[in-house]
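# Coordinate analysis (summary)
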Amino acid sequence: MQVPAPVEYERATSVDHAIGLLERLGGAARIVAGGHSLLPMMKLRLASPEYLIDINDLHGELGYIRVEQAEVRIGAMTRHRELLESGELAEVFPVFRDAERVIADPVVRNRGTLGGSLCQADPSEDLSAVCTTLGASCVIRGGAGERVVTMEEFYRGPYETAVEDAEMLVEIRIPVRPGGSSAYEKVERRAGDWAIVSAGAAVWLDGGLIADARVGLAAVGPNTTGLPAVSDALRGREPSEELYEQAGTLAAENCSPVTDMRGSADYKRHLAKELTGRALRRSVARINERG
Amino acid sequence: MTTTDERPAGFENNDHKPIGHGRMLRKEDPRFIRGRGNYVDDVQLPGMLHCAILRSPVAHARIVSIDTSAAEAHPKVKAVVTGAALTELGLAWMPTLSGDVQAVLATDKVRFQGQEVAFVVAEDRYAARDALELIDVEYDVLDPVVDVRTALDPSAPVIRDDLDGKQNNHIFDWETGDEAATEAVFASADVVVSEDIVYPRVHPAPMETCGCVAEYDRIDSRLTLWSTSQAPHAHRTLYAIVAGLPEHKIRVISPDIGGGFGGKVPIYPGYVCAIVGSIVTGKPVKWMEDRSENLTSTGFARDYIMRGEIAATRDGRILAVRTNVLADHGAFNGVAAPVKYPAGFFGVFTGSYDLQAAYCKMTAVYTNKAPGGVAYACSFRITEAVYLIERIVDCLAYELEMDPVELRIKNFIQPDQFPYRTKTGWVYDSGDYEPTMRKALELAGYEELRREQVERRARGELMGIGVSFFTEAVGAGPRKDMDILGLGMADGCELRVHPTGKAVVRLSVQSQGQGHETTFAQIVAEEIGIPPADIDVVHGDTDQTPFGLGTYGSRSTPVSGAAAALVARKVRDKARIIASGMLEVSVADLEWVKGAFHVKGDPEKSVTIQDIAMRAHGAGDLPEGIEGGLEAQICYNPENLTYPHGAYICVVDIDPGTAQVKVRRFVAVDDCGTRINPMIIEGQVHRGLTDGVGMALMEMIAFDEDGNCLGGSLMDYLIPTALEVPDWETGFTVTPSPHHPIGAKGVGESATVGSPPAIVNAVVDALKPFGIRHADMPLTPSRVWDAMRGVPRPPV
Ligand SMILES: Cc1cc2nc3c(=O)[nH]c(=O)nc-3n(C[C@H](O)[C@H](O)[C@H](O)COP(=O)(O)OP(=O)(O)OC[C@H]3O[C@@H](n4cnc5c(N)ncnc54)[C@H](O)[C@@H]3O)c2cc1C
């Protein structure tokens, strides 16, 4: 059995309570949400926080999916499983269900949270790629109140985010625009493994032409990467195999994978291309199916 | 699940209980299913302390100093022990299973990342682990030897400078077969094909890691050790030899074991640490490895770099096979194999084919990696041998543009050639290969699959069909040839029938999930007619069972299974004499029908085995010269190994865009001779096939250039899940072993041995449009993609 170092533990009863504890305890404290990233690191003693602030009792306050006319808001404590099972969410953003189907396994999905996934800021994190694809923004709360940042601002590097020591991520907001759909493609070495590469795509059509499109990749750079160059190349064009090919090529050129146990940098670049094309194709097909 | 084995009526109701061989549910399962298994980590003793081991963070370094004072000052720590302290006790080094020595705790140098450097005994697991951080070790880091190909370079650092006069990293050279005769055949052959074939380092990765609870009673000088051991009796003797404890004062108990696969055959330093910890503190001490420790420090498997060569006629007659092997044994030669077989049973690399000549030369070397080379369900290196021959035969088929099935059938050893002596000296006991192959072809619909493949290829799809045919050599072994550190590989067995006709059979082998409590009860039941439910199987406790060498190399049924059948016959022979007295007829006038003797020609006059048992223990006279009681004991020395065989067919689809391999179908037809419990056999086969998918597609213990192990967790070292495996399709043929009392052969490892080549052959077949003849395991998407672009890379 792998055992963590000694740690003090407290359960937060509200977001304000959690933030109060963070302010009092400073950098030695860590929030634990689902614990599926933090606890393995503690057991391997890669992380040894002095205090754990358990926010699982805040599921009532921060576990929600609200689909509104112009925006979807998801609480930070929403669990993978809830994201997977929400029909309402799949209706507007099918990319969530696509991704959740291939994130980890049921045990992890029962506990792991949206907030934990984003705050872990692992370059292979699938939900980060989904949020990047959808142009989400992150609501961060501290003692002084709330601030909202874009995904680009949220990520500062591998395992580093804009959330400061005495702050929490509380919500994700995603703009809803008409005429769109989305999809997620992932290649893994084995079910439940992290991505070798994954790609999310979101496309909005207007009169048969691409009004806007976004692509987000995981595991091919320091953070999940949004690709403005791909969006620029797609906007105003008619969907076609050549266009997907071109978008894929751009995606491959605009990422920076490294060789590791999951695969060679060349192969990952190839996947960035292949999966970008597949995700775009599927997004467009979904729009067309809907009619 | 599909199977050609007809399930008997009543099976679906789970109520089929044969008196003897046949499909029945496992007797041990109720306790496992209800969570009532009793594993080493479940053992709790009053006052028990916990041991944790400090391990080397680097692959190769001289130890400059170790400061344990801070750890000793920890309030919950009871003892901190280093290699220096063990040296004083004469326990710093211990023998390995292959005549080398291994450091229990490093004294001079560390030789692999994860090597044991010191241990702490503390009041709980947490404190023991915390105290490890308080030990300060200063290392003088040395260049490591990581690439086995350069280990013998004169400039390579010498790893084992502890061995007197050792100037290089060479362990042994070994050869088998006839070099000159093989060369002559190769020189005149129409076709010669050669290929470099790597079997990467993999790990058994059992669900339960290794561990023990050691309790040394100072007053009685008695050591009781609950340990994750596949071979409790052999371990007891080795502890007696290593620690100088009298053997009658040592009791080794292997309770339920959560998977072994060979990884629990060796004695690991951790067991010795726990024993020393108990001797030093006077308290019971538990040591339980964590997952990373298990993956990085306990016995690995395989790690052979093989050059395979095959010679044939243009029309596909295989003439000879030759191979040159470079074997990476890690920092200590810890291979578990009979003494005369430093390369295990690799000599069966001639496969199932009738050859004119064969030759193998092997060189084994030290590297700065974990020691081992244990089984992992490999039947002593037969996995590597079968992989080599089945891969190289496919390479030949590729060159000859011949169907791989046709090529194999054309070269099979014929039924009338058995017993067949191979060109490397192995005597295959029995076999009838073609019907097994044909059955697999039929189950798979081979012709139809090939037609489908043509259509798919025309559409640019990548479908592959892979075939393998293996012959295993299991059931070590005849004591004239086989021993482990001087201990002969014969197995004892004892059977007692109680007065009421219930029985207990005691065995030396130790189940790690193979269903011994059922299979052995069935073997005895078949011979003596007592229902399996009435027969208790006792195993895994040296105080309660006769001596024998344990469970690995698929040896339990070939050796202990034979012992169980023979001991039951011995009891039956005695029962017959008692019955003759009871029925007042001569022994010759009695007939045995399962469970009872009756008078020939008068079936009404009979006594059951239960009646006889009561009489044997009861009042009244017994026939002259017969003692009371109904029990017997034997020690079975096998005459030969048993040679099961099988034909496997795998169908894969590869996504041309992502290079992901999907195993669509897998057909396995096994011939393990007499089948005792077909359900258990299928379970063993399913497990082994799943293993095969792991090795072929994802498993590998890799190292970086500094010798850091890259497979130290199950996130990095992948093992397959239900989602990677297809619905297994199994079938069987039956060719009994002529020398085994019930004709049974081993089957525990057949599927692990036979499946990797079938899967790899299927992947390579799918890649045929790219002109690929060979690609090494593990066939991860990235590596398949390399192959598709014409640059298949070896994994090391
Ligand atoms: C076996 C396994 C397989 C996995 N496979 C995948 C996979 O395929 N794809 C994938 O994307 N992920 C995978 N994961 C990760 C999984 O999705 C985790 O659950 C997730 O990354 C973290 O969520 P959590 O709620 O468990 O976070 P925790 O482990 O509780 O926390 C992670 C980090 O975020 C911080 N944190 C958590 N919540 C907040 C908050 N609201 N505000 C500020 N900081 C916060 C914590 O302090 C900690 O630093 C896998 C995990 C495991 C164990």
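Residues numbered from 1 in each chain as written. Chains lettered and ligands numbered in written order. Predicted model: local features only at pLDDT ≥ 70, side-chain atom pairs only at ≥ 80, totals over all residues. Heavy atoms only, no water.

An unreviewed UniProt entry annotates chain B as Carbon-monoxide dehydrogenase large subunit of Planotetraspora phitsanulokensis. Chain B has a UniProt comment under Cofactor (unreviewed entry) that states "Mo-molybdopterin cytosine dinucleotide". (UniProt positions renumbered as here; feature names shortened; annotations may be inferred.)

Under the annotation held in an unreviewed UniProt entry, chain A carries the name Carbon monoxide dehydrogenase medium subunit and is attributed to Planotetraspora phitsanulokensis.

## Brief notes about the packing of helix 13 (residues 265-290) of chain A against helix 18 (residues 781-788) of chain B
Between helix 13 of chain A and helix 18 of chain B, the shortest axis-to-axis distance is 10 Å and the interhelical angle comes to 90°. The angle between the axes of helix 13 of chain A and helix 18 of chain B places the two elements in the roughly perpendicular class. Mapping the contact onto sequence places D266, Y267 and H270 of chain A in helix 13 of chain A and P781, S782 and W785 of chain B in helix 18 of chain B. Taken together, the residues of the contact of helix 13 of chain A with helix 18 of chain B sort by class into 3 nonpolar, 2 polar and 1 charged. (Axes fitted to C-alpha atoms, helices over the stretch in contact; angles between N-to-C directions. Helix = DSSP H or I, 4+ residues; strand = E, 2+ residues; numbered from the N terminus. Parallel < 35°, antiparallel > 145°, perpendicular 65-115°, else oblique. Contact = heavy atoms within 4.5 Å. Nonpolar A, V, L, I, M, F, W, Y, C, P; charged D, E, K, R; others polar.)

## Here's the deal with the domain arrangement of chain B
Residues and elements named next belong to chain B. By domain assignment, chain B separates into domain 1 (41-142 + 209-257 + 264-297), domain 2 (300-476 + 640-788) and domain 3 (490-636). Domain 1 and domain 2 are separated by 37 Å when their C-alpha centres are compared. Tallying the contact residues gives 22 residues for domain 1 and 24 residues for domain 2. On inspection of domain 1 and its partner domain 2, the count reaches 11 residue pairs in polar contact (both at pLDDT 80 or more). (Domains from an automatic or database assignment. Polar contact = N/O pair within 3.5 Å; in protein donor to acceptor, adjacent residues only side chain to side chain.)

## Some thoughts on unusual backbone geometry
All names here are of chain B. In this model, F418 is joined to P419 through a cis peptide bond whose omega is -5°. Omega for the bond connecting A476 with G477 falls within 30 degrees of zero, at -25°, which places this linkage in the cis form. Relative to the elements of secondary structure, G477 occurs in the loop between strand 21 (462-471) and strand 22 (483-484). For E584, which is not a glycine, the phi torsion comes out positive at approximately 55°. Of note, E584 is situated in the loop between helix 14 (556-583) and strand 27 (590-593). For E584, a relative accessible area of 69% gives the class exposed. (Buried < 20%, exposed > 50% of the residue type's maximum accessible area, 1.4 Å probe, protein only.)

## With respect to the packing of helix 9 (residues 382-400) of chain B against helix 17 (residues 750-766) of chain B
All names here are of chain B. At a minimum axis distance of 8 Å, the contact between helix 9 and helix 17 shows a crossing angle of 30°. Put simply, helix 9 runs roughly parallel to helix 17. Helix-helix and strand crossings are classified by hand; for helix 9 and helix 17 the assignment is right-handed. Residues I382, T383, V386, Y387, E390, R391 and D394 of helix 9 pack against T752, V753, P756, P757, V760, N761 and V764 of helix 17. Class assignment of the residues belonging to the contact of helix 9 with helix 17 gives a composition of 8 nonpolar, 3 polar and 3 charged. (Left-handed = near helix turned anticlockwise from the far one by under 90°.)

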